[in-house]
Number of protein chains: 2
Amino acid sequence: VERAEPAKNYAIARCLLGVTHVQECLPENLDLKKRFFQELSAKMETDTIITLASSTSNLTCSSWSQGLPENRRKQCLVAHAINPPHCIPLVEIVPSPWTCPETTTRVMALMRAVGQVPVLLKKEVIGFAVNRLQYALLEEAFSLVERGIMSPEDVDAVMSDGLGLRWSFLGPFETIDLNAPEGVAQYEKFYGQGMRSVLRDMKATRSDWTDPTIREIDAAMRRKYPVEAISAQRVRRDERLMALSLHKRQQQEQQQKSKL
Amino acid sequence: VERAEPAKNYAIARCLLGVTHVQECLPENLDLKKRFFQELSAKMETDTIITLASSTSNLTCSSWSQGLPENRRKQCLVAHAINPPHCIPLVEIVPSPWTCPETTTRVMALMRAVGQVPVLLKKEVIGFAVNRLQYALLEEAFSLVERGIMSPEDVDAVMSDGLGLRWSFLGPFETIDLNAPEGVAQYEKFYGQGMRSVLRDMKATRSDWTDPTIREIDAAMRRKYPVEAISAQRVRRDERLMALSLHKRQQQEQQQKSKL
């Protein structure tokens, strides 16, 4: 109930003094977000230059900002960070059709200034880019388990001891670009047909991750650590992510130096 | 021509002396592989205990071993490493229906003994696991560019500054397991419906990466480094992968110690 009544619990007008950016992090509830931004908008001075961002991972800016006054909704967008946001630099910036370009520019500059890496979605799509890419892979990962092709542990290893190593510093395009002597265009010539056959087979054989599959994956995870240990495991994940960030920065600096 | 006549260029019988494992790395040509294994099989002593592996990324063991004698084809399987194989530990082990369990066990033990991480495909599927997972993600990555939603550079950043960080030491399942207080089963309860909506939308909007898209991605890569620099860039990739492996080992040891 407290969470559902944000306006009553915070003196919004006072919070807005001197503020140039609001980052909303309420639960993923459309009505709640709508009401929050409406309250916020009502309390803002008419000439306040401020950017209004939601941390939502699945509610488009259009959906929660459409009812706002013209001059407020143009200041809104989605700025979606990845969990855990203090250890992962990426932030997806997803403006609505009525977000003004200055809002987008300002929020991207702000994110860069605080050390984040903003990426821009030029159109609104559900799942944005992070979850579209993650779910595309997860769908096949579930399918490999459901069809009895691979154990959950081995699917995880395919990533953590295989694909994930290159992807942690090269994107998917740069990875294939470096896998053909003349780059990605040649990669498509060499492997495009094979890739399309595999994708066709995947479409034809894809499963719907039923309860037994989820239980099988859950059981595999519980063999690694029990439910009670998840929060401790999450702390270890964050430590690893921070150490990895430091490692990556050192590597980049070193390779930059050796280039000069 | 030379490559197409392996048996004429190498004294196979002599090469086999004292050998317990053969790792074939010929080009991805079914006829070539068939002939190679036939030659090899003909030259092997009948009582030789040996495992015969192909490094192929897309030719199933069934396809190239089916014509071999019963007692030879049971010694065959696919052992597919990821490029660059000396920097990435993962090896996919893909037996055929007639591969005997001892062959699989021996090759997996051998891979572990040389520091690789073998994973097992319990059934033959095209693309195996690595490329099925990679292509699932690439398909949506191409689509995001083709539909004008995101630049190729930003798609790469979604991975290299976002998703790829967790995936470089957690698999896709462990990643979502740590994103719900009670693990993956709860994750599915919280996000399963949203995930399915996004997947439905992806299916409905998926594009077919036409030539202009490939050219756009290629142009983005060429802005990063010209074609002439690809091989130097590949050396840098390998250095990064080796440094990352070392970093991961140190982190694992450190977390192991702090657990004790």
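Residues numbered from 1 in each chain as written. Chains lettered and ligands numbered in written order. Predicted model: local features only at pLDDT ≥ 70, side-chain atom pairs only at ≥ 80, totals over all residues. Heavy atoms only, no water.

Student: Could you give me a rundown of the overall build of chain A, with the residues and numbers involved?
Tutor: Helix and strand counts for chain A come out as 12 helices and 5 strands. The principal-axis extent of the C-alpha atoms belonging to chain A is close to 60 × 55 × 35 Å. Total accessible area on chain A stands at roughly 11800 Å², and carbon and sulfur atoms take up 53% of it. Where the 34 positive side-chain charges of chain A centre and where its 32 negative ones centre are 4 Å apart. (Helix = DSSP H or I, 4+ residues; strand = E, 2+ residues; numbered from the N terminus. Areas by Shrake-Rupley, 256 points an atom, 1.4 Å probe, with all protein chains shown as cover. Lys, Arg positive; Asp, Glu negative; His and termini not counted. Charge placed at Lys NZ, Arg CZ, Asp CG, Glu CD.)

Student: Help me get a handle on the relation of the copies chain A and chain B, residues and values and all.
Tutor: Take chain A, turn it by 180°, move it 0.0 Å along the axis, and it overlays chain B with an RMSD of 0.0 Å. The two molecules are tied by a two-fold rotation axis, judged by turn and shift. Taken together, the interface assignments show that 100% of the residues at the interface of chain A recur at the interface of chain B, consistent with an identical surface on both copies. (Least-squares fit on C-alpha atoms with pLDDT ≥ 70 in both. Contact = heavy atoms within 4.5 Å.)

Student: I'd like a description of the pattern of salt bridges, backed by residues and values.
Tutor: Residues and elements named next belong to chain B. For the structure on display, the rule yields 30 salt bridges over all chains. Between Glu 139 and Arg 206 there is a salt bridge, with its nearest N and O atoms 3.0 Å apart. Placement of the pair is Glu 139 in helix α7 (residues 130-146) and Arg 206 in the loop between α10 (184-205) and α11 (211-224), with a sequence separation of 67 residues. Accessibility classification places Glu 139 together with Arg 206 in one group, the buried group. (Salt bridge = Lys/Arg side-chain N within 4 Å of Asp/Glu carboxyl O. Buried < 20%, exposed > 50% of the residue type's maximum accessible area, 1.4 Å probe, protein only.)

Student: Describe empty space enclosed by the protein, with residues and values.
Tutor: Scanning the entire structure with this criterion turns up 1 cavity of 30 Å³ or more. Taken together, Ser168(A), Phe169(A), Leu244(A), His247(A), Lys248(A), Arg240(B) and Leu244(B) form the lining of the largest cavity. Looking at the lining of the largest cavity, the elements with two or more residues in it are α12 (230-259) of chain A together with α12 (230-259) of chain B. Looking at the lining of the largest cavity element by element, the count peaks at 3 residues for α12(A). Within the lining of the largest cavity, the residues separate by chemical class into 3 nonpolar, 2 polar and 2 charged. (1 Å grid on protein atoms, 1.4 Å probe; cavity = no way out; pocket = protein on both sides within 12 Å on 5 of 7 lines; lining within 4 Å. Points joined across faces, edges and corners; volume = space filled by probe spheres on them. Nonpolar A, V, L, I, M, F, W, Y, C, P; charged D, E, K, R; others polar.)

Student: Report on the sheet that holds strand β1 (residues 21-24) of chain A, specifying residues and quantitative values.
Tutor: One open sheet accounts for 5 strands, arranged β1-β2-β3-β4-β5 (chain A); its pairing is mixed. Each of the sheet's edge strands pairs with one partner strand only, and the pair in question is β1 and β5 (117-120) of chain A. Across the sheet, the mean angle from the axis of one strand to that of its neighbour is 30°, orientation sign disregarded. Examined bridge by bridge, β1(A) and strand β2 (residues 51-54) of chain A share 4 bridges and lie parallel to one another. Residue pairing across strands places Val22(A) opposite Leu52(A), the latter belonging to β2(A). Here helix α8 (residues 152-167) of chain B sits on the sheet in contact with β4 (90-95) and β5 of chain A, set at roughly 145° to β5(A). (Pairing = 2+ DSSP bridges. Axes fitted to C-alpha atoms, helices over the stretch in contact; angles between N-to-C directions.)

Student: Tell me what's going on with the interface of chain A and chain B, and back it up with residues and numbers.
Tutor: Contact residues are listed per partner, giving 108 residues for chain A and 108 residues for chain B. Taken over both partners, the interface formed by chain A and chain B buries close to 11000 Å², and the fraction arising from carbon and sulfur atoms is 65%. On the surface where chain A and chain B come into contact, there are 12 salt bridges. The partner of Arg196(A) in a salt bridge is Asp208(B), with the nearest N and O atoms 3.8 Å apart. Counting across the chain A and chain B interface gives 46 residue pairs in polar contact (both at pLDDT 80 or more). Residue assignment for the side of chain A that touches chain B shows that the elements contributing at least two residues are β5, α7 (130-146), α8 (152-167), α9 (172-177), α10 (184-205), α11 (211-224) and α12 of chain A. Among the elements that take part in the side of chain A that touches chain B, α12(A) stands out by supplying 17 residues, more than any other. Along the lines of polarity and charge, the residues of the side of chain A that touches chain B split into 57 nonpolar, 22 polar and 29 charged. (Buried area = accessible area lost by both parts, 1.4 Å probe. Polar contact = N/O pair within 3.5 Å; in protein donor to acceptor, adjacent residues only side chain to side chain.)

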